[in-house]
Amino acid sequence: MLKNYDAVVLACFGTGRPAEFEKTFYKIYQGLVKKLNKPCFLALTSTIFLKTLNLKLVKDCLNDLKEEGYKDILIVPLIMADGVEYQRLLKAVDKDMFDRVDILEPILKQNRKEIVSLLNGLLIENGERYLLLGHGSKLGHNEDYFDLLKEMGRGDIKLSFMHDEIDEKDFLVFPLFISRGHHYLEFMEEHPEFRYSDQCLGEMDELIEIIYKGI
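**Student:** Looking at this structure, how should I read the overall build of the protein chain?
**Tutor:** Along the backbone of the protein chain there are 10 helices and 8 strands. The C-alpha atoms of the protein chain give 18 Å as radius of gyration, which agrees with the globular expectation for 215 residues (17 Å, within 12%). Oriented by its inertia axes, the alpha-carbon framework of the protein chain measures out at about 55 × 35 × 30 Å. The burial tally for the protein chain puts 50% of its 215 residues in the buried class. When contacts within the protein chain are restricted to residue pairs at least 6 apart in sequence, long-range pairs at least 24 apart make up 75% of them. When the accessible surface of the protein chain is split by element, carbon and sulfur atoms take 47% of a total near 10,800 Å². For the protein chain, the separation between the mean place of its 28 positive charges and that of its 37 negative charges on side chains is 4 Å.

Below is the structure:
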């Protein structure tokens, strides 16, 4: 599949915490640059962190690639699930600019089986009760999360979203985020009753390999 493209754009929302960005999103970018052996570019789906991260928006990155003569583009979303940012990405891409532009699905959909395998290996069945915490979408596009939970097939794992009311307290929370951004830190401050995993998907070399194999 890769041989059909002359450039790859990695699209992400990012985070306002530059150090966290470096060890998650930028780490994934660096890992994929080494594996893909193609010109790779990292760009943002939103203007929120433009100044903080010193990156370009996806549409501006694509304009640059057009001017530089690239013709066949693959866009890989570093976005966990369908929602506001993925829909914003779709709207930002003018496919008529190039001979070919393809956009992969969000990670939980594009790479669901591999993410299920990773999580089932991380969240050991030992009597612990786990809470998978997703950002959730105000568009109501949460099927990617529910499909993940269904495929995991585990009675010891519950799924919740950032703004849900969670009545039960005895959980170890595992974030379905690429990075620990401000929203997740706020959730932790608001819910000191939970225990939290010290692992984050974006820090794992396994996620780089999963994304790479899904391309």
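**Student:** Looking at this structure, I do not really get helix H4 (residues 58–67). What am I missing?
**Tutor:** Each full turn of the α-helix corresponds to 3.6 residues, which orients residues three or four apart in the same direction. Looking at H4, one finds that the buried residues are Val58, Cys61, Leu62 and Leu65. Buried residues along H4 cover an arc of 100 degrees about the axis, so they all sit on one side. The inward-facing, buried residues of H4 abut strand S1 (7–12), strand S2 (40–44), strand S3 (72–77) and helix H5 (84–92). Following H4 by one or two positions, glycine 69 adopts a phi angle in the positive range, close to 95 degrees.

**Student:** Sorry, what's going on with helix H7 (residues 112–122) here?
**Tutor:** Within the span of H7, buried status applies to Ile115, Val116, Leu118 and Leu119. Angular distribution of buried residues about the axis of H7 spans 165 degrees; they occupy a single face of the element. In H7, the exposed positions that point more than 90 degrees away from the buried face belong to Lys113 and Ser117. Looking at the buried residues of H7, the elements they touch are helix H6 (107–110), strand S5 (130–134), helix H8 (143–152), strand S7 (172–175) and helix H10 (205–214).

**Student:** How should I be thinking about the packing of H7 against H10 in this particular structure?
**Tutor:** For any two helices packed against each other, one specifies the inter-axial angle together with the distance between the axes. Look at H7 against H10: their axes get within 10 Å of each other, and the N-to-C directions meet at 160 degrees. Considering the angle they form, H7 stands roughly antiparallel to H10. Crossing of H7 against H10: the hand is right-handed. In this structure, H7 uses Glu114, Ile115 and Leu118 to contact H10, whose residues at the interface are Glu206, Leu207 and Ile210. Taken together, the residues of the contact of H7 with H10 break down into 4 nonpolar, no polar and 2 charged.

**Student:** Explain the pairing of strand S6 (residues 157–161) here, please?
**Tutor:** Of all 5 residues making up S6, 4 are buried, and the element is well covered by its neighbours. Of the pairings in the sheet, the one linking S5 to S6 comprises 5 bridges and is parallel in character. Pairing of leucine 133 across the sheet is with serine 160, part of S6.

**Student:** How do you make sense of the sheet that holds S2 when you look at a structure like this?
**Tutor:** Across a sheet, strands are paired by hydrogen bonds formed along the backbone, either parallel or antiparallel in direction. Read across the sheet, 4 strands follow the order S2-S1-S3-S4 without closing on themselves; strand pairing throughout is parallel. Pairing within the sheet leaves two strands with one partner each, and these edge strands are S2 and strand S4 (100–103). The mean angle between the axes of side-by-side strands here comes to 20 degrees, regardless of whether they run parallel or antiparallel.

**Student:** Looking at this model, I keep getting lost on the nonpolar core. Mind explaining?
**Tutor:** Note on soluble globular proteins: their nonpolar side chains tend to be buried together. If you look at the biggest cluster of nonpolar residues, it comprises 48 residues, and the most contacted ones within it are Leu78, Leu119, Leu132, Leu148, Leu201 and Ile211. It is helix H2 (residues 25–36) that provides the largest number of residues to this core, a total of 5 residues. Apart from the residues lying within four places of it in its own chain, the contact partners of leucine 119 are Leu132, Leu148, Met152, Phe174, Leu176 and Leu201.

**Student:** Teacher, can you tell me more about the pattern of salt bridges here?
**Tutor:** Close approach of charged atoms allows side chains with opposite charge to pair. Tallied over the entire structure, the rule returns 17 salt bridges. The partner of glutamate 203 in a salt bridge is lysine 23, and the shortest N-O contact between them spans 3.8 Å. Of the two residues, glutamate 203 is situated in the loop between strand S8 (195–196) and H10 and lysine 23 in helix H1 (residues 18–23); the sequence distance between them amounts to 180 residues. Under the relative-accessibility criterion, glutamate 203 is labelled partly exposed at 22%. Taking relative accessible area as the criterion, lysine 23 reaches 41% and is therefore assigned partly exposed.

**Student:** How should I be thinking about the environment of aspartate 64 in this particular structure?
**Tutor:** Mapped onto the fold, aspartate 64 is located in helix H4. What makes aspartate 64 partly exposed here is its relative accessible area of 23%.

Reading guide: rules and limits
- Residues numbered from 1 in each chain as written.
- Predicted model: local features only at pLDDT ≥ 70, side-chain atom pairs only at ≥ 80, totals over all residues.
- Heavy atoms only, no water.
- Helix = DSSP H or I, 4+ residues; strand = E, 2+ residues; numbered from the N terminus.
- Rg over C-alpha atoms; globule rule 2.2 N^0.38 Å.
- Buried < 20%, exposed > 50% of the residue type's maximum accessible area, 1.4 Å probe, protein only.
- Contact = heavy atoms within 4.5 Å.
- Areas by Shrake-Rupley, 256 points an atom, 1.4 Å probe, with all protein chains shown as cover.
- Lys, Arg positive; Asp, Glu negative; His and termini not counted.
- Charge placed at Lys NZ, Arg CZ, Asp CG, Glu CD.
- Arc of directions from axis to C-beta.
- Axes fitted to C-alpha atoms, helices over the stretch in contact; angles between N-to-C directions.
- Parallel < 35°, antiparallel > 145°, perpendicular 65-115°, else oblique.
- Left-handed = near helix turned anticlockwise from the far one by under 90°.
- Nonpolar A, V, L, I, M, F, W, Y, C, P; charged D, E, K, R; others polar.
- Pairing = 2+ DSSP bridges.
- Core = buried A, V, L, I, M, F, W, Y, C linked by side-chain atoms within 4.5 Å.
- Salt bridge = Lys/Arg side-chain N within 4 Å of Asp/Glu carboxyl O.

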